[in-house]
Structures are given as C-alpha cells and as structure tokens.
Amino acid sequence: PDITTHFDDFWTSDNTDAYDRLFIQNSYSHIYPIKAMRAWVTDCPNFLSKRVIPMEFRFDSSMMGTLGVGCNLLKLSEEELNKIVEETNNLILRQSTPDSPELLETIPLLSLDDIGKEVEDLPINKEKHNDIEILHCNTFTSNIAYLNFMFYGKCIKEEDIPYFSLLGNLLAKVDTKTYDYKELSNEILINTGDMYFRNNVYGNDKDENKYYPFLEVRTKVMDDKIYKSMEIMADIVNNSLFEDNKRIREVIRELISRIEMMLMQAGHQVAVGRVASYFSPAASYMEKISGYDYYKFLKDIENDFDNKIENLKSKLYELQNTIFNKNNLMVFITGEDKELNLLKENMNKVVDVLSTEPLNNNDYTFSEEQKNEGLMTPANVDYVCKGYNFKKLGYDYNGSLLVLKTILGYDYLWNRVRVKGGAYGCMSTIARTGNMAFVSYRDPNLTETLKAFNEAPDFIKSFDVSDREMTKYIIGTISNLDMPLTPASKGEKALGMYMRGITKEDRQRERKKD
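Residues numbered from 1 in each chain as written. Predicted model: local features only at pLDDT ≥ 70, side-chain atom pairs only at ≥ 80, totals over all residues. Heavy atoms only, no water.

Q: What am I meant to see in the packing of aromatic side chains here?
A: Pairs of aromatic rings are described using the distance from one ring centre to the other and the angle between the two planes. Counting across every chain of the model gives 20 aromatic pairs. Aromatic pair Tyr152 and Phe214: ring centres 5.3 Å apart, planes at 55 degrees, arrangement tilted. Placement of Tyr152 in strand β6 (residues 144-152) and of Phe214 in strand β8 (residues 211-222) is noted, with a sequence separation of 62 residues between them. The exposure class assigned to Phe214 is buried, which follows from its relative accessible area of 5%. Between Phe242 and Tyr317, the aromatic rings sit 5.2 Å apart at their centres with planes inclined by 70 degrees, giving edge-to-face as the arrangement. (Phe/Tyr/Trp six-rings, centres within 6.5 Å; stacked < 30°, edge-to-face > 60°. Helix = DSSP H or I, 4+ residues; strand = E, 2+ residues; numbered from the N terminus. Buried < 20%, exposed > 50% of the residue type's maximum accessible area, 1.4 Å probe, protein only.)

What follows is the structure, given as structure tokens:
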C-alpha cells in the first residue's frame, strides 16, 4: 500500500479483455482505491483472449477504474466511434453529477477518535567526539549503521557552486591512489550496502532566507564493517584523482542523460524546482546543483570539453582540498549505541586525513524574479507549474493547510486537471517555509490547466462540505503524516526535522491544527 505515496495509479494487468478485467479489477479493489487502477478500452478481438466484446461492455468495464481508450481509432467503424463519443459524454455527465448524501452515508468511515493524538518522537542525541559534532538517531537497525558525513558547503565561492556539485557527482566514480574506479566500486559493494556522495540543501522552515548546503558522504554498513567503510571513505576524500579525461567525460554525459530523462519523464519535479527558484534562495541553490541551471553548466562543459578540461580538473582539486575539512564536518548516524561506539572507534580514519585550515563562509546573493518560462522537449505533453511563497503575502503556515492540500489534490485538481483535463496527474505542494505550487503531470492542456490553477481561490472560497466529508479529508491528511517508517527512513526524517529547525512541539501543533 505504501506505493500509493509515490504514484497516482497503476497498470494492473496486460490482460485488457473486458470480461476478465471484471475479476482482476474486483480483486484489486480490495487493496487499492479504484481510482488508482488504470483500465483501458482496447481493440477487439482482444489480443490475448481473442474474445469479441461489444464496445458498450468494454466501456462499462473500464469505467470501473481510471478510464483510458487504447483502441486504434483509424480501424474503428463509424458506429464504434459514435459509441465512444456517447460513452464519453455519459462519463462526463456522471463525473459532474454529485452522489446523493444517502449513498455516501453507506460508505464505512473511521472517526477522528480512532486516530492517535500524539506525534511520534524523533529524538536526536548530540555529542562531541574529538571536536566533531555527532548527531545520533538511536533506533534498532538490525546491526546496520546508516552513516552520513556532512561537510558544510558555505565555504565554497558562489561562482564555484556548480563545480562543487560536479565534484560530488564524480567522487567514488573516478580512480583513487589506491584503486581504479572499477576496483573501488567492487570494494564498496563487497564491504558496504552502498557509499555515495551527494550535494544536498536543508532549508530553514521558520526563515525562508536561511538554508544549509552540504556535501554528504552516505553509506549503510554492517557494524562489523564500519572500520572498512571508514578506510574506503578516507581514501576517496583524500586520494581521488581527476586525471582520467575519458572517465570524467563519461560521468558528465551520464549526468546530462539523467537530467534529460528527468525532463521527459518527471518534468513536474523539474518545473516545481524551477518555479521555486524564482522566489526561494534555497531552491535557487538547488537549481545550481541539480536543476536546469546545472544541466546547462554540464552541457557547456561537454560541448567544449577539450578546451575546458584542464581548468575543470584544477577546479576540482581546489574544491576537494577546501571542502574536506575537519572544521566543517558533522556526522549523523542511525543505529543503536553499539553502532555509535564502533563509529567513534573508527571515524578518525577519515578525520585524520582532513584539512584543518581555517575556513570562511560566504554569503550568496539572491534576487527574486518573476519569470514565465517554458522548456521545450520532444514530448507531446506538458508539465505545468505555478507557485509562490504565501508567507511573503502575509499568511502563516499551520496544519490546516495540509488538509487543504488533500482537498485540492483529491477533489479540485483531480477533477479539473486530471479527470476533465486529461492530464496523467496533478498535485499541489505546501511547505512550512511558505513555498507552494500547483503542478500537472503529462498534461495535454496547458491553457486549461493554468485556468484551473487561477480559479482555485474561487473553489476554496465556495468550498462547503458536510462534517462527514471533512472528516474524510482530515483522516486522509493524517494518514500521510503517520506512514510506517523503516529504521533508515526514521533516521532520515529525524535528521531532516533537526536540520530544518522543526521541533516535536512544532509537529504537535501542526497535528492539532489538522
């Protein structure tokens, strides 16, 4: 069931025979809501069963889920085409006709008293070890240590931020003085669950103008291999070589390809980040290390690689010597005391190879801009986004906004943009920082979607539902807050809350406001 937090709907089976689908769809409905089930009208005879079924029956079967038409329209008779138009009009009428209160009352419903009143505690213990701050999320992890060595990035000059991100993308993927990059990959896989470097930004949820960039070294490792993971990490941060031009170019091309794929397949994420960068300093920084701005930086290098490579290598060595410094290191661990003690026994393998030179943190400039951009791709669908920061307009954040997000996502945006507009998906984001956005996914109707976004205030002003319906929205909101967490996820959530300045009391107030 947790998969529904990541995807709007699913393809249940390649068997699209309308008769067989009745049994498939009935079984699916016992686990997932039917609107999360794609159901298509396809050609007859069916390609699997060879069964011939009337168009009306095929439509009736598919309308029990999220209807789609997968027929070859060029091969349909005029009668079949007219039937598609008729059934589509019937569906639109059904979607526009509210269910009667008597019918809705027959659906079983939890009450608010069935929901826990207290938020889960996510404590982080802080201590110093050899002048290094350690943050510890003490939870059972089955003898696995989840480690994060966090190097604060404000020591990097503003003009070097994209290079700083590329450094993180290259580390553990290039040779070191001890291993070539293939041997290094094998060492990581043999001795750990993974080890990777990534640039990350933590915003401050109480002050949008504050944010904290880091280069993180993350690994998960059995506690008896912590010593070995520290040896590998020390080798990477201290001995990485940027001499193999071919390998550097390969990694850059992989990064370019990955962002291009994201533009095509997850353009809604790109759009949300791009819009937020217009008014959010933290999001602007993210654009430079992973968004479209970073993509342009990589393309510029790749297009003139031979002339730029020597300067690039010099810059990478310079940043490597700057960032890996004892004075800007903080370590986070998820595990029990046993794992913490083993970390403290072995972490000097890394700390001892770090620079101890004094560091100066930089202030980065940011100017809010109201832009209206469009990024062209070969796809025939759009990812449409619109957003701003509501705190800048004088409004405060509270938990009721999460309920509003649920209402917009499952009522207004769903019906206007997805059901009627034909987009594959639509959603809203509302953050404690004040940043909010509406965004559509694989959307064929840019103009109509923007109109729907613009008319959302009218929907909110006139929104009026029964207590029963509002209870459903509140329960749906709480379910997202109370998702079960793995030990690793619990540690991630605890770290995120700590870095963003969110206390248990803040979370409790948010829950009560719901």
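So much for the structure itself; the text now carries on.
Q: What is the right way to look at the sheet that holds strand β10 (residues 385-389) in this model?
A: The sheet built from 3 strands is open, its strands ordered β10-β12-β11 with antiparallel pairing. The outermost strands of the open sheet, each flanked by one partner alone, are β10 and β11 (425-430). Within this sheet the neighbouring strands show an average axis-to-axis angle of 5 degrees, counted without direction. Taken together, the 5 bridges between β10 and strand β12 (residues 435-441) define a ladder with antiparallel strand orientation. Looking at β12, one finds that Lys386 is bridged to Phe438. Sheet contacts for helix α9 (residues 267-277): β10, β11 and β12; angle to β10, the most-contacted strand, approximately 35 degrees. Its contacts with the sheet place helix α15 (residues 400-419) against β11 and β12, and it is angled at close to 155 degrees to β11. (Pairing = 2+ DSSP bridges. Axes fitted to C-alpha atoms, helices over the stretch in contact; angles between N-to-C directions. Contact = heavy atoms within 4.5 Å.)

Q: Would you explain the packing of helix α11 (residues 292-303) against helix α12 (residues 305-323) in this entry?
A: Relative orientation and spacing of two packed helices are given, respectively, by the angle between their axes and the distance between those axes. Where α11 contacts α12, the two axes come as close as 6 Å, and the packing angle between them is 115 degrees. With respect to α12, the element α11 is oriented roughly perpendicular. The residues of α12 that touch α11, namely those facing Asp300, Ile301, Glu302 and Asn303, are Phe305, Lys308 and Leu312. Grouping the constituent residues of the contact of α11 with α12 by class yields 3 nonpolar, 1 polar and 3 charged. (Parallel < 35°, antiparallel > 145°, perpendicular 65-115°, else oblique. Nonpolar A, V, L, I, M, F, W, Y, C, P; charged D, E, K, R; others polar.)

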